[in-house]
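# Tertiary structure, described
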Amino acid sequence: VKWEKGWPVVGLGGFIKPVMEVDGLPLKPWGPDAEEPEHVDFTQPLGLFWNYLRNPQRENYSLDERPGYLRLKGAAGTVAEEVSPTFLGRRQRHFHVIAETLVDFEPQVDGEEAGLTSYMNHKHHYEIAVTMKDGIKKLIFRRQIGTLVKVENEVALGEGPVRLSADVDKYWYRFSYAQGKEELTPFGEGEVQYLSTEVGGAFTGVYLAMYAAGNGKACTVPADFDYFLYHIKPEEFEDEKDSMLDLDD
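This section reports on the structure supplied with the text. (Residues numbered from 1 in each chain as written. Predicted model: local features only at pLDDT ≥ 70, side-chain atom pairs only at ≥ 80, totals over all residues. Heavy atoms only, no water.)

### Thoughts on the overall build of the chain
When you go through the chain residue by residue, the secondary structure sums to 2 helices and 17 strands. Relative to its full complement of 249 residues, the chain shows a buried share of 42%. A separation threshold of at least 6 residues defines the contact pool for the chain, and within that pool the share at least 24 residues apart is 62%. As presented, the chain carries roughly 14300 Å² of accessible surface, and 54% of it is formed by carbon and sulfur atoms. (Helix = DSSP H or I, 4+ residues; strand = E, 2+ residues; numbered from the N terminus. Buried < 20%, exposed > 50% of the residue type's maximum accessible area, 1.4 Å probe, protein only. Contact = heavy atoms within 4.5 Å. Areas by Shrake-Rupley, 256 points an atom, 1.4 Å probe, with all protein chains shown as cover.)

Structural data, given as structure tokens:
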């Protein structure tokens, strides 16, 4: 397609050939090393491997208001709705991976939340999130599978940032948390199969994402994310070796 005098002109005289030579785009346009970095500290502009969910409300995202952090301002909409929630994620491209972030969020109103989600679509997702419930700052683990929604674990939190982690393999998403210098504490898990296309239906494939939401109204305070880690575990490569051996056999 070429633009001539403000109008698109397709092919030659309105016809296209089965094979054409055209200018292409670089396969990895977001960085000089042509790779998605494992650790992102939000000191640089966001690479193109980051995705919003639908059309973002740009004012709800900032790298400047608190330098060195990604600031998310929770909108009224949530990841459980067909809207554009405050959401920034990376595609899960490997079976064996650890996703981790550190969120600094002090909710002021019941229902405000921010955290980490493994997201297939608005009806199939798991999240570990900081929220306020009955006036108490808490951590929750929630699963949604179709119309079934359940908070499966919750614990009161102290002030300060919370480290959130999702350890993923071919069968499970295992979520953990820690505050301060504590070791990670297991907090909840969900089966991989319920976030698959076969069960959840087609949409995006799974994302590992940071999000913030007010559950009906905008959050009164922002959530600041210090970093995002996407670490491919060695098992990924062992699986690849196993598959090659199977083919050889």
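### What about the pattern of salt bridges?
As enumerated under the stated definition, the model contains 18 salt bridges in all. The shortest N-O distance in the salt bridge between E36 and R93 comes to 3.9 Å. Placement of the pair is E36 in the loop between β2 (7-9) and β3 (39-40) and R93 in the loop between β7 (86-91) and β8 (97-104), with a sequence separation of 57 residues. Between R66 and D104 there is a salt bridge, and its shortest N-O distance comes to 3.0 Å. Remark: D104 occurs in strand β8 and R66 occurs in the loop between β5 (61-62) and β6 (70-72); sequence separation between them is 38 residues. Judged by its relative accessible area of 25%, R66 is partly exposed. Classification of D104 as partly exposed rests on a relative accessible area of 21%. (Salt bridge = Lys/Arg side-chain N within 4 Å of Asp/Glu carboxyl O.)

### Observations regarding the nonpolar core
One finds M210, F225 and F228 to be the most contacted residues of the largest nonpolar core, which totals 38 residues. Setting aside chain neighbours within four positions, we find F228 in contact with E38, H39, V40, F42, W50, R90, A99, E100, T101, L116, L208 and M210. Grouped together as the second largest cluster of nonpolar side chains are 9 residues, L53, F87, Y119 and I140 included. (Core = buried A, V, L, I, M, F, W, Y, C linked by side-chain atoms within 4.5 Å.)

### Digging into the sheet that holds strand β4 (residues 50-51)
By way of backbone hydrogen bonds, the strands of a sheet pair with one another, either parallel or antiparallel. The strand order across the open sheet formed by 7 strands is β4-β7-β16-β9-β10-β11-β12, and the pairing between neighbours is antiparallel. Each edge of the sheet is formed by a strand with only one pairing partner; in this case those strands are β4 and β12 (148-156). Summarising the sheet, strand β11 (residues 136-145) and β12 pair through 8 bridges and their orientation is antiparallel. Residue pairing in the sheet places R142 in a bridge with V151 of β12. (Pairing = 2+ DSSP bridges.)

### Overview of unusual backbone geometry
The residue R54 is not glycine, and still its phi comes out positive at about 60°. By relative accessible area, R54 is classed as partly exposed at 32%. Positive phi, normally seen in glycine, also occurs at N215, with a value near 55°. Mapped onto the elements of the fold, N215 is located in the loop between β16 (207-213) and β17 (223-232).

Without other data, these values stay purely geometric and don't point to any function.
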